[in-house]
Amino acid sequence: MKTVNVYNSTIMSLITYVKESYNELTNFVTWPTWAETQKFTITVAVFSIVFALIVSGIDWVFSSAIENYFYWVKSN
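Turning our attention to the packing of aromatic side chains. The tally for this structure, following the rule as stated, stands at 3 aromatic pairs. Summarising the aromatic geometry, the rings of phenylalanine 47 and phenylalanine 51 are spaced 6.1 Å apart at their centres and angled 15° between planes, so their arrangement reads as stacked. Of the two residues, phenylalanine 47 and phenylalanine 51 are both situated in helix H2 (residues 34–75); the distance of 4 residues between them amounts to about one turn of the helix. On the basis of relative accessible area, phenylalanine 51 is assigned to the partly exposed category, the value being 49%. Between tyrosine 69 and tryptophan 72, the aromatic rings sit 6.2 Å apart at their centres with planes inclined by 35°, giving tilted as the arrangement. Of this pair, tyrosine 69 and tryptophan 72 both sit in helix H2, 3 residues apart, which is roughly one turn of the helix. A relative accessible area of 51% places tryptophan 72 in the exposed class. These aromatic residues form a ring-pair network of at least three members: Tyr69, Phe70 and Trp72.

Calculation notes
- Residues numbered from 1 in each chain as written.
- Predicted model: local features only at pLDDT ≥ 70, side-chain atom pairs only at ≥ 80, totals over all residues.
- Heavy atoms only, no water.
- Phe/Tyr/Trp six-rings, centres within 6.5 Å; stacked < 30°, edge-to-face > 60°.
- Helix = DSSP H or I, 4+ residues; strand = E, 2+ residues; numbered from the N terminus.
- Buried < 20%, exposed > 50% of the residue type's maximum accessible area, 1.4 Å probe, protein only.

If you want it as structure tokens, here you go:
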């Protein structure tokens, strides 16, 4: 009987959590406007592209440096 009570308690806790979460999201959260959402999306996309280019550039520099080092070691 104890496992059934634990199971029912867990299910009821989950149901309560979902109900409270739904209530919070529908009544208390201030959602951004469509214009704000578009602006933030573009900002994140641009930042992601710039960050990817920076990381790619750093990777290229280190790759070239290591390649030149091994070329130098091999030629000596």
